[in-house]
Amino acid sequence: MKIAIDGMGGDNAPMAVVEGVVEALKEHNDMEIYITGPKDKIEAEFNKHTYPKDKVTIVDASEVISTNEHPVMALRRKKDSSIVKALNLVKSGECEGIISAGSTGAFLAGCTLIVGRIKGVERPSLAPIMPGRRGSFMIIDAGANVDCKPGYLVQFAKMGKIYYESVFKKNNPSVGLINIGAEEEKGNELTKATYKLLKEEDMNFVGNVEPRDIPTGDVDVLVCDGFVGNTALKLYEGAAMNLLGIIKDHIMEASALSKLGAALLKPVFKKLMIKFDYKEVGGAPFLGVDGICIKAHGSSDGKAFKNAIRQTKIFHEGKVIDKIKVELGQNN
């Protein structure tokens, strides 16, 4: 497959982007990478590495869209930006997917306006995979649509189910609606109306899921509007990192015996840190657009980009877009 990568997206670009590409090509010899950005800068980074030159194409782009620019206006003004050039590679069909760690607003707007929605999809949605106590789970939508209608959330559930099945090879994953209570009558007008619609769908809908039950991982696909989803996502990430920090602080303040015990548990803590490390996943897919679009974290390093490339490959091999087209394009 062919993947377009925004070479200037993210805090550590283009160094981290190039590192990720080089490492990914060591593991996957069945892909080609198109990387966009100032050709001299990108080439200078690649010259630091040994890599299969026939697998990499540098697409010159003289502009960069920053995070403080208005997304839509920036896309229109900066036609020669690295992210626009990468998006156009997907729109033209030259590449099957795109990865960017740049401006989230510009990327999401570009995926919708340039790549375009799948026919039948009302609103594309951001769908990160999160680590839970008993298994990984998805939050959809995690920030692309802060104002939603019940029908949008039903589509989010369908797309999330398809992606989860493809990535984790799990038939009929459970689907829940994030709400302030488990009872059917709880919530606002949006959640109550959505609950009724999801009950009528042919899926494993388990009902409402309270926020305190999100981290268990008992429910595979958690549906909500983008405002709730983004809040839950950031709270979850912050709580996890702060809890680990609190544990570390108490260990440092403890007695010598306690520190010895902590040293013995170091492999356990290391495993836990890996589980909550966003770099292991690589990025969050933007579902509902007619191309594989992966949004990587702004602070992504080479490892994160490598795993985002792997995630794009899994998305492609799972034929997720084709399945969404069948589910939403033909059934709506």
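Residues numbered from 1 in each chain as written. Predicted model: local features only at pLDDT ≥ 70, side-chain atom pairs only at ≥ 80, totals over all residues. Heavy atoms only, no water.

- The protein is annotated in an unreviewed UniProt entry as Phosphate acyltransferase of Clostridium sardiniense.
- Of the protein, the UniProt comment under Pathway (unreviewed entry) reads exactly: "Lipid metabolism; phospholipid metabolism." (UniProt positions renumbered as here; feature names shortened; annotations may be inferred.)

**Considering the environment of Met8**
Logical step 1: Mapped onto the secondary structure, Met8 falls in the loop between strand S1 (2-6) and helix H1 (15-27).
Logical step 2: For Met8, a relative accessible area of 15% gives the class buried.
Logical step 3: Measuring from C-alpha to C-alpha, the distance between Met8 and Ser100 comes to 8.4 Å, with 92 residues separating the pair along the chain.
Logical step 4: Contacts of Met8, omitting those with residues within four sequence positions, involve Ala13, Pro14, Thr36, Gly37, Pro38, Ile42, Val64 and Ser82. (Helix = DSSP H or I, 4+ residues; strand = E, 2+ residues; numbered from the N terminus. Buried < 20%, exposed > 50% of the residue type's maximum accessible area, 1.4 Å probe, protein only. Contact = heavy atoms within 4.5 Å.)

**Things to note about the packing of aromatic side chains**
Logical step 1: Under the defined criterion, the tally for this structure stands at five aromatic pairs.
Logical step 2: Taking 4.7 Å as the distance between ring centres and 40 degrees as the angle between the ring planes, the aromatic pair formed by Phe46 and Tyr51 counts as tilted. Each member of the pair, Phe46 as well as Tyr51, carries the same accessibility label: buried.
Logical step 3: For Lys53, the ring lying beneath its charged end belongs to Tyr51, and the centroid distance is 4.9 Å. (Phe/Tyr/Trp six-rings, centres within 6.5 Å; stacked < 30°, edge-to-face > 60°. Lys NZ or Arg CZ within 6 Å of the ring centre and 35° of its normal.)

**Quick notes on the environment of Thr216**
Logical step 1: Position of Thr216 among the secondary structure elements: in the loop between strand S9 (204-209) and strand S10 (221-223).
Logical step 2: For Thr216, a relative accessible area of 18% puts it in the buried group.
Logical step 3: The residues contacting Thr216, other than those within four sequence positions of it, are Gly132, Arg133, Arg134 and Gly135.

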